[in-house]
Amino acid sequence: MTLLSVRDLTVTLMTGSGPADAVRNLSFDIERGQILGIAGESGSGKTMTALSIMGLLPYKGKASGSINFDGEELVGFKPKDFRRVRGKDVAMIFQDPMTSLHPMLTIETQLTEHLRHHRKVSRAEARARALELLDTVKIPDPETALKAHPSQFSGGMRQRIAIAMALACQPKLLIADEPTTALDVTVQAGILKLLDELRKSQNLSVIVITHDLGVLSALTDRLMIMYAGAEVESGPTSQVLTRPRHPYTQGLIDALPDSEAHGKRLIAIEGMPPELGKFPSGCAFHTRCSFARNECKSGTPNKVDIDGTRRIFCTVDPFDTPAGVNR
Ligand SMILES: Nc1ncnc2c1ncn2[C@@H]1O[C@H](COP(=O)(O)OP(=O)(O)OP(=O)(O)O)[C@@H](O)[C@H]1O
Ligand code: SF4
Ligand SMILES: [Mg+2]
């Protein structure tokens, strides 16, 4: 059952040199209980995609296209409608958990006020629910934790509390933007395991945004790779990561520290991703792609559907060979 259906989403931001599209014609779906990973280098439009679903685009930012969430169209939503949905049906956690936590208030005050803001519950009911939430995110000794301030917890524990806050009103969709980037590897693994458990126990749909393909490999069902605001490849995670079809995806995988391809690099992604407002014409990746031909420099890259579950946007499709399939 589809929970979120995004079609031709374009996000236009105001830059010093006028309006520019940070997200371009993006389309994707998320089923209930599914985890979608979104990856791509810095500036590829991952966060703007998330913020458009939350109704939190920067000043003068505008979304067009369609974002259908649980039967409601969010493009064109008024701020008051977004306030109704945000935090309740859709919640977001960030790289820095302090984005969602107040440094001066106890965990109890923050969790219970958040609950009482969205739901008509008594103080005692809110407290009981807060304890339950802390237990769900595996905070040891929830009674003591309620009385503490965020600064008394480690980064990993704070992220768990931010997840508890996000889960408070039983959202249908949780968006996690670089949730583990600031954490060390062991703590990172614990948070990812928690997200996976929550998806199963609460039928939660999750979008996980990251630079790090390694983070996504074990956790996500589907993966979408973005470059310069647009999708370049998507499909079931295991297939995209083991048999990438787009040159950019292949480059990202080669760049992973423990990649099998490391040392015998097929493609190095040289250069930097383009700045907003300066995306190259045609396939925006053509300035860095070792397979680029003249026809890549103009027009829109061909959409190539693969096996009914995957697709790439590439005019050349250089890995569409028997050898490519067995790479
Ligand atoms: N308030 C803003 N006004 C104008 N442009 C912005 C604003 N915020 C971000 N941008 C630009 O929008 C583009 C997309 O940004 P976005 O934050 O979505 O990238 P990202 O993929 O999340 O990158 P990162 O991995 O660094 O978080 C970038 O070029 C960024 O510089
Ligand atoms: S369309 Fe051309 S430039 Fe773009 S990824 Fe494919 S081969 Fe490379
Ligand atoms: Mg971002």
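Residues numbered from 1 in each chain as written. Chains lettered and ligands numbered in written order. Predicted model: local features only at pLDDT ≥ 70, side-chain atom pairs only at ≥ 80, totals over all residues.

## Observations concerning the overall build of the protein
Phase 1: A count of helices and strands for the protein gives 11 helices and 12 strands.
Phase 2: By principal-axis analysis of the C-alpha atoms, the protein measures approximately 65 × 40 × 40 Å.
Phase 3: When each of the 327 residues of the protein is scored for burial, the buried share is 41%.
Phase 4: When contacts within the protein are restricted to residue pairs at least 6 apart in sequence, those whose partners lie at least 24 apart make up 60%. (Helix = DSSP H or I, 4+ residues; strand = E, 2+ residues; numbered from the N terminus. Buried ≥ 20, exposed ≤ 12 C-beta atoms within 10 Å, placed from the backbone. Contact = placed C-beta atoms within 7 Å.)

## Focus: the nonpolar core
Phase 1: Grouped together as the largest cluster of nonpolar side chains are 83 residues, with contacts concentrated most on Ala164, Ala176, Ile207 and Val232.
Phase 2: Per-element accounting of this core gives the leading share, 7 residues, to helix H6 (residues 155–167).
Phase 3: Mapped onto the domain boundaries, this core takes at least three residues apiece from domain 1 (2–224) and domain 2 (230–325).
Phase 4: The residues touching valine 232, leaving out its near neighbours within four places in the chain, are Ile225, Met226, Tyr227, His246, Tyr248, Thr249, Phe285, Ile312 and Phe313. (Core = buried A, V, L, I, M, F, W, Y, C linked by C-beta atoms within 7 Å. Domains from an automatic or database assignment.)

## Some words on the domain arrangement of the protein
Phase 1: Domains assigned within the protein are domain 1 (2–224) and domain 2 (230–325).
Phase 2: The gap between the C-alpha centroids of domain 1 and domain 2 is 28 Å.
Phase 3: At the junction of the two partners, domain 1 supplies 23 residues and domain 2 supplies 14 residues.
Phase 4: At the level of elements, strand S1 (2–15), strand S2 (18–31), helix H8 (213–219) and strand S9 (222–227) are the ones that each hand at least two residues to the side of domain 1 that touches domain 2.
Phase 5: By residue number, the principal contributor to the side of domain 1 that touches domain 2 is S2, which donates 6 residues.
Phase 6: Class assignment of the residues belonging to the side of domain 1 that touches domain 2 gives a composition of 9 nonpolar, 10 polar and 4 charged. (Nonpolar A, V, L, I, M, F, W, Y, C, P; charged D, E, K, R; others polar.)

## What about the pairing of strand S4 (residues 62–69)?
Phase 1: Sheet topology places S1 next to S4; 7 bridges connect them, and they run antiparallel. From the neighbouring strand, valine 11 faces S4, where its bridge partner is alanine 63.
Phase 2: The pairing of S4 with strand S5 (residues 72–73) spans 2 bridges and is antiparallel. The residue of S5 that forms the bridge with asparagine 68 is glutamate 73.
Phase 3: Linking two consecutive strands that pair antiparallel, namely S4 and S5, is a turn of 2 residues; a positive phi of about 50° is found at aspartate 70 within it. (Pairing = 2+ DSSP bridges.)

## Things to note about the site of ligand 1
Phase 1: Close to ligand 1 lie 14 residues; Ser42, Lys46, Thr47, Pro58 and Leu276 are nearest.
Phase 2: Contributions of two or more residues to the shell around ligand 1 are made by S1 and helix H1 (46–54).
Phase 3: Looking at which element gives the most residues to the shell around ligand 1, the answer is H1, with 3 residues.
Phase 4: Of the residues that constitute the shell around ligand 1, the class distribution is 5 nonpolar, 8 polar and 1 charged. (Near = placed C-beta within 6 Å.)

## With respect to the packing of H6 against helix H7 (residues 185–202)
Phase 1: One can describe the packing of H6 onto H7 by two numbers: an axis separation of 9 Å at closest approach and a directional angle of 20°. On the basis of their axis angle, the class for H6 and H7 is roughly parallel. Seen along the crossing, H6 lies across H7 with a hand that is right-handed. Across the interface between the two elements, Gly155, Gly156, Gln159, Arg160, Ile163 and Leu167 of H6 pack against Val187, Gly190, Ile191, Leu194 and Leu198 of H7.
Phase 2: Looking at the contact of H6 with H7 residue by residue, the class counts come to 6 nonpolar, 4 polar and 1 charged. (Axes fitted to C-alpha atoms, helices over the stretch in contact; angles between N-to-C directions. Parallel < 35°, antiparallel > 145°, perpendicular 65-115°, else oblique. Left-handed = near helix turned anticlockwise from the far one by under 90°.)

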